[in-house]
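Listed below, chain by chain, are the residues.
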Amino acid sequence: MYCSSCGVVVTPGLSYCNYCGEKLSGAKSDSIIKSPEVRPGTLVGAMVFTFVFGLGAITILMGMMKAVLRLEVGLILAFTLLSFLIMLSLEGVFIRLLFRRKRGAEEAGDPVLLKEQATRALDAAQGRVLPEPMPSVTEHTTRAFDPIYREQHKK
């Protein structure tokens, strides 16, 4: 990783450049808490299991309320609707986790994208030309007397 301000190589994970003190754009802020990694296959499996088990449980619940408890149809439909909404909200949580994981993978990028980003950052940092260093006092003084010294040797 390279500093976008001065172009110096910096250790990944730092929030500021050790050389120039510039805030690094690639550094993660401390306020972001990384969620634990969940594989997409696990999420899809949990979604399917929840849907199948939920529909089965709702069907059995309806049958038990009708046969054993002898509840009215309106009350049975109310419990069924409530159970179905709970199941749908759980499915929504799984879908949200799946999309968050996909978005996080896109933001993190694959190694090829990271290499291209580092190359672009380095090119941008090297694109700026640093000013010429000031010559030392001794060098300036020596050059100032150069013509005089040459004239004395010619005589």
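Residues numbered from 1 in each chain as written. Predicted model: local features only at pLDDT ≥ 70, side-chain atom pairs only at ≥ 80, totals over all residues. Heavy atoms only, no water.

Let us look at the overall build of the chain. If you tally the helices and strands in the chain, you get four helices and zero strands. Start at the N end of the chain and walk to the C end: the helices and strands fall as α-α-α-α. Out of the 155 residues in the chain, the part that is buried amounts to 12%. Residue pairs in contact within the chain that sit at least 24 positions apart in sequence constitute 46% of those at least 6 positions apart. Just so you have it, the chain exposes about 12900 Å², and 66% of that area is on carbon and sulfur atoms. (Helix = DSSP H or I, 4+ residues; strand = E, 2+ residues; numbered from the N terminus. Buried < 20%, exposed > 50% of the residue type's maximum accessible area, 1.4 Å probe, protein only. Contact = heavy atoms within 4.5 Å. Areas by Shrake-Rupley, 256 points an atom, 1.4 Å probe, with all protein chains shown as cover.)

One can find Thr50 in helix 1 (residues 40-67). In terms of polar contacts, Thr50 uses its side chain to reach the backbone carbonyl oxygen of Ala46, at 2.7 Å. Setting aside residues up to four positions removed in sequence, Thr50 forms contacts with Met87, Leu90, Glu91 and Phe94. (Polar contact = N/O pair within 3.5 Å; in protein donor to acceptor, adjacent residues only side chain to side chain.)

Let's shift gears to the packing of aromatic side chains. In this structure the tally under the stated criterion is one aromatic pair. With a centroid separation of 5.6 Å and an interplanar angle of 10°, the aromatic rings of Phe49 and Phe53 are classed as stacked. In this pair, Phe49 and Phe53 both sit in helix 1, four residues apart, roughly one turn of the helix. Judged by relative accessible area, which is 57%, Phe49 ranks as exposed. (Phe/Tyr/Trp six-rings, centres within 6.5 Å; stacked < 30°, edge-to-face > 60°.)

A covalent bond between the sulfur atoms of two cysteines is referred to as a disulfide. This structure, assessed with the given rule, holds zero disulfides. Not part of a disulfide, Cys3 finds its nearest cysteine sulfur in Cys20, a span of 3.7 Å. Judged by relative accessible area, which is 0%, Cys3 ranks as buried. (Disulfide = S-S within 2.5 Å.)

So, about a nonpolar patch on the surface. Judged by side-chain polarity, Val44, Val48, Phe51, Val52, Leu55, Leu81, Phe84, Leu85 and Leu88 come together as a nonpolar surface patch covering roughly 780 Å² of accessible area. Looking at which element gives the most residues to the nonpolar patch, the answer is helix 1, with five residues. Inspection of the secondary structure assignment puts Leu88 in helix 2 (residues 73-108). (Patch = residues over 30% accessible without salt bridge, like charges linked within 9 Å, V, L, I, M, F, W, Y side chains within 5 Å. Salt bridge = Lys/Arg side-chain N within 4 Å of Asp/Glu carboxyl O.)

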